[in-house]
Amino acid sequence: MSDLHLKTLSELRGLLAERRVSAEEATKACLERIEATEPTIRALLHVSAETALAEARTLDAAGPDPERPLWGVPLIVKDCLTAKGLPATAGSRILENFVPFYDATAVARLKAAGAVILGKSNMDEFAMGSSTENSAFQPTRNPWDPERVPGGSSGGSAAAVAACQGFGALGTDTGGSIRQPASFCGIVGLKPTYGRVSRYGLIAYGSSLDQIGPMTRTVEDAARLLQVMAGHDTRDSTSAAEPVPDYLAALSARGDLKGLTIGLPEEYWSEGVDPEVAECCRAAVSQAEALGARTVPVPLKLSEYAVAVYYVIATAEASSNLARFDGVRYGHRDKQAQDLTEMYTRSRTQGFGDEVQRRIILGTYVLSAGYYDAYYRKAAQVRALLRRDFDTAFQTCDLIAGPVCPTTAFRVGQMTSDPLQMYLMDIFTISANLAGIPGLSLPCGLGRDSGMPVGLQLMAKPFAEDVLLSAADVLERALPKLPRPAGLAE
Amino acid sequence: MKISREEVLRVARLARLELSEDKVELFAGQVGDILDYIDQLNRLDTSGVEPMYGPGSKTTLLRPDEVRRECTREQVLANAPETDGSFFIVPRIVSAGH
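Remember, predicted model here, so these are calculated numbers, not experimental data.

Draft legend 1. Focus on the interface of chain B and chain A. At the interface, 53 residues of chain B touch 72 residues of chain A. Between chain B and chain A the total buried area reaches about 5500 Å² when both faces are included, carbon and sulfur atoms providing 65% of it. Inspection of the region where chain B meets chain A yields four salt bridges. Ionic pairing is found between Lys-23 of chain B and Asp-354 of chain A, a salt bridge with its closest N-O pair at 2.8 Å. Taken together, the connections running from chain B to chain A amount to 19 residue pairs in polar contact (both at pLDDT 80 or more). Secondary-structure elements contributing two or more residues to the side of chain B that touches chain A are helix H1 (5-14), helix H2 (21-38) and helix H3 (73-77) of chain B. Tallying contributions element by element places H2 of chain B first for the side of chain B that touches chain A, with nine residues. Class assignment for the residues of the side of chain B that touches chain A results in 31 nonpolar, eight polar and 14 charged.

Draft legend 2. Summary view of H1 of chain B. Residue and element names in this part refer to chain B. Glu-7, Val-8, Val-11 and Ala-12 are the residues of H1 that are buried. Buried residues of H1, viewed axially, fall in a sector of 135°; they line one side. Exposed side chains of H1 directed beyond 90 degrees from the buried face belong to Glu-6 and Arg-13. In the segment just after H1, Arg-16 is the residue with positive phi, at about 55°.

Draft legend 3. Quick look at the pattern of salt bridges. A complete count under the given rule lists 28 salt bridges over all chains for this structure. Here Arg-235 of chain A and Glu-70 of chain B are joined by a salt bridge, their closest N and O atoms 3.1 Å apart. Of the two residues, Arg-235 of chain A is situated in the loop between helix H7 (219-229) and helix H8 (247-253) and Glu-70 of chain B in the loop between H2 and H3; the pairing between them involves two chains. Accessibility expressed as a relative area gives 38% for Arg-235 of chain A, which makes it partly exposed. Three or more residues joined by partner-sharing salt bridges are found here, namely Glu-220, Arg-224, Asp-473 and Arg-477 of chain A.

Draft legend 4. Up close: the packing of helix H12 (residues 354-367) of chain A against helix H13 (residues 372-393) of chain A. All names here are of chain A. At a minimum axis distance of 7 Å, the contact between H12 and H13 shows a crossing angle of 105°. The angle between H12 and H13 places the two elements in the roughly perpendicular class. Residues Tyr-365, Val-366 and Leu-367 of H12 lie in contact with H13, whose contacting residues are Tyr-372, Tyr-375 and Tyr-376. Taken together, the residues of the contact of H12 with H13 break down into six nonpolar, no polar and no charged.

Rules behind the numbers
- Residues numbered from 1 in each chain as written.
- Chains lettered and ligands numbered in written order.
- Predicted model: local features only at pLDDT ≥ 70, side-chain atom pairs only at ≥ 80, totals over all residues.
- Heavy atoms only, no water.
- Contact = heavy atoms within 4.5 Å.
- Buried area = accessible area lost by both parts, 1.4 Å probe.
- Salt bridge = Lys/Arg side-chain N within 4 Å of Asp/Glu carboxyl O.
- Polar contact = N/O pair within 3.5 Å; in protein donor to acceptor, adjacent residues only side chain to side chain.
- Helix = DSSP H or I, 4+ residues; strand = E, 2+ residues; numbered from the N terminus.
- Nonpolar A, V, L, I, M, F, W, Y, C, P; charged D, E, K, R; others polar.
- Buried < 20%, exposed > 50% of the residue type's maximum accessible area, 1.4 Å probe, protein only.
- Arc of directions from axis to C-beta.
- Axes fitted to C-alpha atoms, helices over the stretch in contact; angles between N-to-C directions.
- Parallel < 35°, antiparallel > 145°, perpendicular 65-115°, else oblique.

Structure follows, in C-alpha cells:
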C-alpha cells in the first residue's frame, strides 16, 4: 500500500486488525516517509529503525491482539520523555549522551498497548521556546513552508505528524507547547488536565505546569492515545486518582453540539489577533453554532496577566529542576575542572544554551532572598485568581473557545532576538497550564494571507476531556478538511 | 533596566553558571525587560489570596512504604561521566591543606 503513511491512526488500526497490513509494513512505510521528508523538515533527533522493525516483526509473529488498542501502530516520542535504550536529550547538549534505562509511564503504556516507537522528536532545549529554534542540535522546519517555524517546544512532534512520519506523537505542554505547534502545523494537539497523564519519566521543566499529551492528525486518534496514557500512577504523586472515562464511547455518543454552551472570552477575541487567524476561528465558531452549540460571552479578565505569572512560576521551577544537571551522575561533564564547584559551573555553562541560561537566571532571581515574596508568591496568588476566573466562567459554559495563537507560523529567525516578544506568542495557551485545565488545538482552516494552518483552541473543565474530545470530533467532521502540507513533495 | 550587572553575576554564581561579559550585558537588559513586564502584576490587589502553587489535588495519596529494587548498580552508573565500576567519581571536594 503505497499511501499507507497517509492513513490516520484509526484507519491503520483497522487495517492491522484485519491483517491487511502488517506491523512491519506500517513501520517500513513510516521509515520510508522519514527518509523522504527529514532532509526538509528535520523533525527527529533519533530514528530507531532497527529496534522499531524488530519490535514490529515480533508483533507480527504473535498476531494482532484485540486487547492491545495500539497494536502495531508506529509512534514518535518527544525527546524529553524517556524510552528505554533510546537517547533522551531534551534538545540539550548537556544530555547529549544520555541513554535512559527505563520508560516514562506514558511511553510504557503506549508500548504495553502494542505501539512501535519509531524515534525521538526535536524540541526546544528543555522545552523552553515557541519555535524549536532553541534546540541545541537543529532547527525543525514547518512542513507547510520550510521557511517558517513549526512552533515549539513540541515542534518536532508536530512537524513529524503533519508530514506523516508517524501515526501520532507525544508532546509536552508547559505553556502551550503542544497546542501552539499543533496549530502552526495543522494537526490536533491535546494538553490534558494537569495530573491526567503521569509525568514519571518526563525531564521536568515547570513541574506544576508540565503535562504530556497526544499530537495526531485527527481528534479520534488523540482520544485513542489519551485513553491508553491516562490514569493514576503511583510513581508520580501529582498524577490524579480520578476515574478515566471511555473517550471513544464519548465520541460515538455525540452526533451534534446541541445542549453545549461555548464561552467566548472577549479577551481572546479582541485586538492583537491577526485578521486571518480571527477569520478562521470565527468561521469555526459559526460552524459550531450551526451544529447546535449556544455561544455566550464569558469574562476572563485576568488573561492579560497570564504571561507575567507564567514566566515567574515556570522559570522558578525550571531553576530548581535544572539544578540536577551537575555533571556528576549523567550528562556532560567538564574534564578540566579542579574542584567540585568548578566542575558544576563549567559543565552547566558548557551544556546549557542561551535560552535555558536566561531562564535559570530569571528563575533564580525571582526565588532569591528578598525577591521571593515580590515575585514568586505574588505570581502564585495571581495564579489562584486566574483559576478562579475559569471556575466562574465554567459555571455558565461547557467549553471555552478562542484562537490558539495570535498569528500563524512565523518565519525562521523572525523572533529570536526578542525573548519577550516570543513569550507573548503563548498568551492564549498559558492560562490553561496555570489553571491546570485541558486544552485542545483543532485545525480550522488556512490563513487567507499566509496560506498557513490556523488552530481553534477549545478548553474544558478539569478532567472533562471527554466533553472536549467529543465536541472537537463533531466540529472536525463538519469543518473543511485541510489539504496536505504544501512544503513537502508527495 | 531593573537588574544590574552585579545582580546578574550574583544570581549566575548561585545558579552555578559562568557568564561571559557579553552575556552579562545581554541578560541584564533582557531579564530587566522581562522583570519590567512582570511588574504589571503589582497592579492587582492580592491581599488575602491564598497562593496557588500547583493545580493538583490537595490530598496526598499514600502508598505502602515498601522497598522495591527497580534498577541495578550497573544501570545507575551506565550514564556516569566517570566511575570506578562501583561509585561515581568526582573531583576532589576537600583540598589537601584541610
